[in-house]
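# Report on the structure
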Amino acid sequence: MKSTDKPKVAFFDFAGCEGCQLTVIDSLQNHPTLLEAVDIVQFREAMSEKGDDYQIAFVEGSCTRPVDESRLKTIREQAHIVIALGACAHLGGVNALRNWQSQAEVLRYVYGRMAVVQDSYPARPIEAIIPIDGFVPGCPVDREEFVQIVKMLLQGRQLRIPDYPVCVECKLKENECVFNYGKACLGPVTRAGCGAICPSNGVGCDGCRGPTSTPNMEGLRIALSEYGINEDLFIKQIKLFQSYQLIHDKRDDHGSQ
Ligand code: SF4
Ligand code: SF4
Ligand code: SF4
(Lines give C-alpha, C1' and ligand atoms only; values in the text may rest on other atoms or scores of the structure.)
(Ligands and ions follow the chains in the order given, each with its own letter.)
Protein backbone atom coordinates (compact mmCIF):
# COMPACT_ATOMS: atom_id res chain seq x y z
CA MET A 1 0.00 0.00 0.00
CA LYS A 2 1.39 3.42 -0.94
CA SER A 3 1.56 5.87 1.94
CA THR A 4 -1.01 8.05 0.15
CA ASP A 5 -3.55 5.18 0.29
CA LYS A 6 -3.43 5.05 4.05
CA PRO A 7 -6.04 6.82 6.16
CA LYS A 8 -4.78 10.32 6.87
CA VAL A 9 -4.86 11.27 10.52
CA ALA A 10 -4.28 14.66 12.16
CA PHE A 11 -3.91 15.67 15.81
CA PHE A 12 -4.92 19.09 17.06
CA ASP A 13 -4.51 20.79 20.40
CA PHE A 14 -6.58 23.41 22.15
CA ALA A 15 -6.49 24.33 25.88
CA GLY A 16 -4.90 21.46 27.77
CA CYS A 17 -1.62 20.31 29.24
CA GLU A 18 -0.73 18.22 26.16
CA GLY A 19 -0.45 15.13 28.35
CA CYS A 20 -2.87 13.26 26.10
CA GLN A 21 -0.73 13.96 23.04
CA LEU A 22 2.35 12.74 24.89
CA THR A 23 0.46 9.59 25.86
CA VAL A 24 -0.47 9.06 22.19
CA ILE A 25 3.18 9.43 21.14
CA ASP A 26 4.12 6.83 23.71
CA SER A 27 1.36 4.50 22.48
CA LEU A 28 2.39 4.83 18.85
CA GLN A 29 6.05 4.20 19.67
CA ASN A 30 4.98 0.93 21.26
CA HIS A 31 2.71 -0.04 18.36
CA PRO A 32 4.82 0.44 15.20
CA THR A 33 2.37 -1.61 13.10
CA LEU A 34 -0.38 0.85 13.90
CA LEU A 35 1.92 3.73 13.00
CA GLU A 36 2.57 1.96 9.69
CA ALA A 37 -1.15 1.64 8.98
CA VAL A 38 -1.88 5.38 8.97
CA ASP A 39 -0.44 8.51 7.46
CA ILE A 40 -0.12 11.17 10.15
CA VAL A 41 -0.25 14.52 8.37
CA GLN A 42 -0.33 16.92 11.31
CA PHE A 43 0.74 16.47 14.93
CA ARG A 44 2.39 19.57 16.40
CA GLU A 45 3.74 17.72 19.43
CA ALA A 46 5.58 15.20 17.24
CA MET A 47 6.37 16.66 13.80
CA SER A 48 6.86 19.94 11.92
CA GLU A 49 4.79 19.17 8.78
CA LYS A 50 1.25 20.51 8.68
CA GLY A 51 -0.97 18.74 6.16
CA ASP A 52 -4.55 19.92 5.83
CA ASP A 53 -5.86 16.84 4.02
CA TYR A 54 -7.05 14.29 6.60
CA GLN A 55 -9.98 11.97 7.26
CA ILE A 56 -9.60 11.36 10.98
CA ALA A 57 -9.02 14.21 13.44
CA PHE A 58 -8.13 13.75 17.10
CA VAL A 59 -8.71 16.91 19.10
CA GLU A 60 -7.08 17.45 22.47
CA GLY A 61 -8.04 20.29 24.81
CA SER A 62 -11.11 22.35 25.50
CA CYS A 63 -12.43 25.37 23.66
CA THR A 64 -11.61 28.53 25.64
CA ARG A 65 -11.68 31.33 23.08
CA PRO A 66 -14.14 32.52 20.44
CA VAL A 67 -11.31 32.12 17.91
CA ASP A 68 -11.11 28.39 18.74
CA GLU A 69 -14.61 27.94 17.35
CA SER A 70 -13.68 28.73 13.76
CA ARG A 71 -10.67 26.42 13.97
CA LEU A 72 -12.87 23.61 15.32
CA LYS A 73 -15.41 24.18 12.55
CA THR A 74 -12.66 23.98 9.91
CA ILE A 75 -11.51 20.68 11.40
CA ARG A 76 -15.09 19.40 11.38
CA GLU A 77 -15.58 20.40 7.74
CA GLN A 78 -12.41 18.59 6.66
CA ALA A 79 -12.51 15.41 8.74
CA HIS A 80 -14.90 12.52 8.20
CA ILE A 81 -14.37 11.50 11.80
CA VAL A 82 -13.66 13.80 14.75
CA ILE A 83 -12.65 12.25 18.06
CA ALA A 84 -12.30 14.19 21.33
CA LEU A 85 -9.01 13.13 22.88
CA GLY A 86 -9.02 13.21 26.67
CA ALA A 87 -11.10 14.83 29.39
CA CYS A 88 -10.42 18.46 28.38
CA ALA A 89 -11.89 17.91 24.91
CA HIS A 90 -14.51 15.38 26.03
CA LEU A 91 -15.81 17.13 29.19
CA GLY A 92 -14.22 20.56 29.40
CA GLY A 93 -12.16 18.97 32.18
CA VAL A 94 -9.96 20.85 34.62
CA ASN A 95 -10.06 23.97 32.43
CA ALA A 96 -13.73 24.45 33.30
CA LEU A 97 -12.90 24.90 37.01
CA ARG A 98 -12.37 28.55 36.12
CA ASN A 99 -15.99 28.79 34.94
CA TRP A 100 -17.14 29.13 38.56
CA GLN A 101 -15.37 32.49 38.82
CA SER A 102 -15.80 35.74 37.01
CA GLN A 103 -13.86 35.50 33.75
CA ALA A 104 -12.58 39.07 34.20
CA GLU A 105 -11.20 38.10 37.60
CA VAL A 106 -9.57 34.94 36.25
CA LEU A 107 -7.93 36.85 33.39
CA ARG A 108 -6.72 39.59 35.73
CA TYR A 109 -5.27 36.98 38.09
CA VAL A 110 -3.38 35.18 35.29
CA TYR A 111 -2.42 38.03 32.96
CA GLY A 112 -2.43 41.11 35.20
CA ARG A 113 -2.39 44.34 33.16
CA MET A 114 -2.40 42.32 29.91
CA ALA A 115 -5.81 40.81 30.78
CA VAL A 116 -7.62 43.34 28.61
CA VAL A 117 -6.05 41.98 25.42
CA GLN A 118 -6.95 38.34 26.16
CA ASP A 119 -9.77 36.99 24.04
CA SER A 120 -10.96 34.23 26.36
CA TYR A 121 -14.29 32.87 27.62
CA PRO A 122 -15.51 30.03 29.88
CA ALA A 123 -13.98 26.66 28.96
CA ARG A 124 -16.18 24.11 27.22
CA PRO A 125 -15.90 20.64 25.67
CA ILE A 126 -15.47 20.60 21.90
CA GLU A 127 -18.91 19.04 21.52
CA ALA A 128 -20.37 22.37 22.68
CA ILE A 129 -19.12 23.76 19.34
CA ILE A 130 -19.09 20.89 16.82
CA PRO A 131 -20.61 17.40 16.61
CA ILE A 132 -18.13 14.65 17.42
CA ASP A 133 -18.04 10.99 16.39
CA GLY A 134 -16.56 9.65 19.60
CA PHE A 135 -14.16 10.29 22.41
CA VAL A 136 -11.17 8.74 24.10
CA PRO A 137 -11.87 9.33 27.80
CA GLY A 138 -9.44 10.03 30.62
CA CYS A 139 -6.89 12.47 31.97
CA PRO A 140 -4.69 11.50 30.33
CA VAL A 141 -6.12 8.96 27.89
CA ASP A 142 -5.26 5.31 28.43
CA ARG A 143 -2.47 4.14 26.09
CA GLU A 144 -4.02 0.81 25.21
CA GLU A 145 -7.55 2.15 24.92
CA PHE A 146 -6.31 4.75 22.45
CA VAL A 147 -4.76 1.98 20.34
CA GLN A 148 -7.97 -0.08 20.48
CA ILE A 149 -10.04 2.92 19.43
CA VAL A 150 -7.76 3.65 16.45
CA LYS A 151 -8.07 -0.01 15.40
CA MET A 152 -11.88 0.19 15.61
CA LEU A 153 -11.84 3.35 13.49
CA LEU A 154 -9.58 1.79 10.86
CA GLN A 155 -11.77 -1.31 10.71
CA GLY A 156 -14.90 0.83 10.35
CA ARG A 157 -16.34 -0.63 13.53
CA GLN A 158 -18.58 1.12 16.00
CA LEU A 159 -16.52 2.53 18.87
CA ARG A 160 -16.98 0.46 21.98
CA ILE A 161 -15.68 1.59 25.32
CA PRO A 162 -16.84 0.38 28.74
CA ASP A 163 -20.17 1.79 29.89
CA TYR A 164 -20.18 0.22 33.33
CA PRO A 165 -18.86 1.89 36.49
CA VAL A 166 -15.30 1.93 37.82
CA CYS A 167 -16.65 0.00 40.84
CA VAL A 168 -16.85 -3.13 38.65
CA GLU A 169 -13.11 -3.04 37.94
CA CYS A 170 -12.41 -2.09 41.54
CA LYS A 171 -14.38 -5.08 42.87
CA LEU A 172 -12.71 -7.44 40.38
CA LYS A 173 -9.38 -6.29 41.85
CA GLU A 174 -10.75 -7.08 45.32
CA ASN A 175 -9.87 -3.59 46.58
CA GLU A 176 -11.29 -2.47 49.86
CA CYS A 177 -13.73 0.35 49.18
CA VAL A 178 -12.37 3.80 50.11
CA PHE A 179 -15.80 4.61 51.59
CA ASN A 180 -14.65 2.50 54.53
CA TYR A 181 -11.97 5.14 55.18
CA GLY A 182 -14.39 8.07 54.91
CA LYS A 183 -13.15 9.04 51.45
CA ALA A 184 -15.50 10.05 48.65
CA CYS A 185 -15.26 8.23 45.33
CA LEU A 186 -17.05 8.75 42.02
CA GLY A 187 -16.41 5.14 40.98
CA PRO A 188 -20.12 4.17 41.15
CA VAL A 189 -21.05 6.72 38.46
CA THR A 190 -17.86 6.91 36.38
CA ARG A 191 -17.12 5.07 33.16
CA ALA A 192 -14.69 2.20 33.72
CA GLY A 193 -11.71 1.34 31.53
CA CYS A 194 -8.82 2.68 33.61
CA GLY A 195 -8.55 -0.48 35.72
CA ALA A 196 -9.78 1.49 38.76
CA ILE A 197 -6.28 2.88 39.07
CA CYS A 198 -7.10 5.53 41.70
CA PRO A 199 -9.05 3.36 44.17
CA SER A 200 -6.43 0.64 43.65
CA ASN A 201 -3.96 3.14 45.07
CA GLY A 202 -6.17 4.14 47.99
CA VAL A 203 -7.70 7.34 46.64
CA GLY A 204 -11.23 7.97 45.43
CA CYS A 205 -12.03 8.22 41.74
CA ASP A 206 -12.33 11.86 40.56
CA GLY A 207 -14.35 10.90 37.49
CA CYS A 208 -11.81 11.84 34.81
CA ARG A 209 -13.39 9.40 32.33
CA GLY A 210 -16.78 11.06 32.68
CA PRO A 211 -20.08 9.53 33.70
CA THR A 212 -21.53 6.27 32.42
CA SER A 213 -24.56 6.75 30.15
CA THR A 214 -26.94 6.11 33.09
CA PRO A 215 -25.18 7.32 36.26
CA ASN A 216 -27.15 6.71 39.45
CA MET A 217 -26.27 9.94 41.23
CA GLU A 218 -29.03 9.56 43.78
CA GLY A 219 -27.77 6.07 44.70
CA LEU A 220 -24.28 7.47 45.19
CA ARG A 221 -25.60 10.27 47.40
CA ILE A 222 -27.44 7.72 49.55
CA ALA A 223 -24.33 5.52 49.84
CA LEU A 224 -22.17 8.51 50.86
CA SER A 225 -24.70 9.47 53.48
CA GLU A 226 -24.83 5.88 54.84
CA TYR A 227 -21.04 5.97 55.20
CA GLY A 228 -21.22 9.42 56.84
CA ILE A 229 -19.21 11.03 54.05
CA ASN A 230 -19.77 14.74 53.64
CA GLU A 231 -21.47 15.56 50.34
CA ASP A 232 -19.13 18.56 49.92
CA LEU A 233 -16.26 16.12 49.25
CA PHE A 234 -18.27 14.51 46.48
CA ILE A 235 -19.20 17.89 44.96
CA LYS A 236 -15.52 18.93 45.01
CA GLN A 237 -14.64 15.73 43.17
CA ILE A 238 -17.24 16.23 40.46
CA LYS A 239 -16.12 19.83 39.98
CA LEU A 240 -12.59 18.72 39.11
CA PHE A 241 -13.51 17.30 35.70
CA GLN A 242 -17.20 18.06 35.24
CA SER A 243 -17.61 21.72 36.18
CA TYR A 244 -18.93 22.51 32.73
CA GLN A 245 -21.69 19.89 33.10
CA LEU A 246 -22.53 20.94 36.68
CA ILE A 247 -22.90 24.58 35.68
CA HIS A 248 -25.00 23.72 32.65
CA ASP A 249 -27.22 21.30 34.58
CA LYS A 250 -27.81 24.05 37.14
CA ARG A 251 -28.81 26.48 34.42
CA ASP A 252 -31.11 23.87 32.86
CA ASP A 253 -32.75 23.29 36.27
CA HIS A 254 -33.54 26.98 36.37
CA GLY A 255 -34.84 26.94 32.83
CA SER A 256 -32.31 29.39 31.45
CA GLN A 257 -29.50 29.15 28.92
S1 SF4 B 1 -7.20 15.55 29.59
FE2 SF4 B 1 -5.65 15.76 31.20
S3 SF4 B 1 -3.75 15.01 30.29
FE4 SF4 B 1 -5.21 15.40 28.60
S5 SF4 B 1 -4.76 17.51 27.94
FE6 SF4 B 1 -6.40 17.65 29.47
S7 SF4 B 1 -5.31 17.99 31.42
FE8 SF4 B 1 -3.81 17.23 29.96
S1 SF4 C 1 -13.41 2.46 46.11
FE2 SF4 C 1 -14.72 3.61 44.70
S3 SF4 C 1 -14.62 2.41 42.82
FE4 SF4 C 1 -13.94 1.07 44.46
S5 SF4 C 1 -15.78 0.00 45.13
FE6 SF4 C 1 -15.55 1.81 46.45
S7 SF4 C 1 -16.80 3.37 45.47
FE8 SF4 C 1 -16.46 1.76 43.94
S1 SF4 D 1 -10.20 5.89 38.84
FE2 SF4 D 1 -11.46 7.62 38.17
S3 SF4 D 1 -10.13 9.42 38.29
FE4 SF4 D 1 -8.82 7.60 38.38
S5 SF4 D 1 -8.21 7.23 36.26
FE6 SF4 D 1 -10.06 6.00 36.64
S7 SF4 D 1 -11.79 7.31 36.00
FE8 SF4 D 1 -9.99 8.64 36.22
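Residues numbered from 1 in each chain as written. Chains lettered and ligands numbered in written order. Predicted model: local features only at pLDDT ≥ 70, side-chain atom pairs only at ≥ 80, totals over all residues. Heavy atoms only, no water.

## Some thoughts on the site of ligand 3
As a matter of local geometry, ligand 3 sits amid Thr190, Cys194, Ile197, Cys198, Pro199, Cys205, Asp206, Gly207, Cys208 and Arg209. A per-class count over the shell around ligand 3 returns six nonpolar, two polar and two charged. (Near = heavy atom within 4 Å. Nonpolar A, V, L, I, M, F, W, Y, C, P; charged D, E, K, R; others polar.)

## Looking at the site of ligand 1
The local shell around ligand 1 consists of Gly16, Cys17, Glu18, Gly19, Cys20, Glu60, Gly86, Ala87, Cys88, Gly138, Cys139 and Pro140. Among the elements of the structure, α1 (19-29) and α4 (87-91) are those that each provide at least two residues to the shell around ligand 1. Taken together, the residues that form the shell around ligand 1 break down as six nonpolar, four polar and two charged. (Helix = DSSP H or I, 4+ residues; strand = E, 2+ residues; numbered from the N terminus.)

## Some details on the side chain of threonine 23
Relative to the assigned elements, threonine 23 resides in helix α1. There is a polar contact of 2.7 Å between the side chain of threonine 23 and the backbone oxygen of glycine 19. With near-sequence residues (within four places) excluded, threonine 23 lies in contact with Pro140, Val141 and Arg143. (Polar contact = N/O pair within 3.5 Å; in protein donor to acceptor, adjacent residues only side chain to side chain. Contact = heavy atoms within 4.5 Å.)

## Quick notes on the sheet that holds strand β1 (residues 8-13)
Read from one edge to the other, the open sheet built from five strands follows the order β2-β1-β3-β4-β5, with strand pairing classed as parallel. Both outer strands of the open sheet, β2 (39-43) and β5 (134-136), are each paired with one neighbouring strand and no more. Pairwise comparison of adjacent strand axes, ignoring direction, gives a mean angle of 25 degrees for this sheet. By the bridge criterion, three bridges tie strand β4 (residues 81-85) to β5 in an arrangement that is parallel. Across the sheet, leucine 85 pairs through a bridge with valine 136, a residue of β5. Where α1 meets the sheet, its contacts fall on β1, β2, β3 (56-60) and β4, and the angle it forms with β2 comes to roughly 155 degrees. (Pairing = 2+ DSSP bridges. Axes fitted to C-alpha atoms, helices over the stretch in contact; angles between N-to-C directions.)

## Thoughts on the environment of arginine 71
With respect to the helices, strands and loops of the structure, arginine 71 is situated in helix α3 (residues 66-78). Of the residues examined, arginine 71 reaches a relative accessible area of 34% and is grouped as partly exposed. In sequence terms arginine 71 and alanine 46 are 25 residues apart; their C-alpha atoms lie 20 Å from each other. Not counting residues up to four positions away in its chain, the partners in contact with arginine 71 are Phe12, Asp13 and Phe14. (Buried < 20%, exposed > 50% of the residue type's maximum accessible area, 1.4 Å probe, protein only.)

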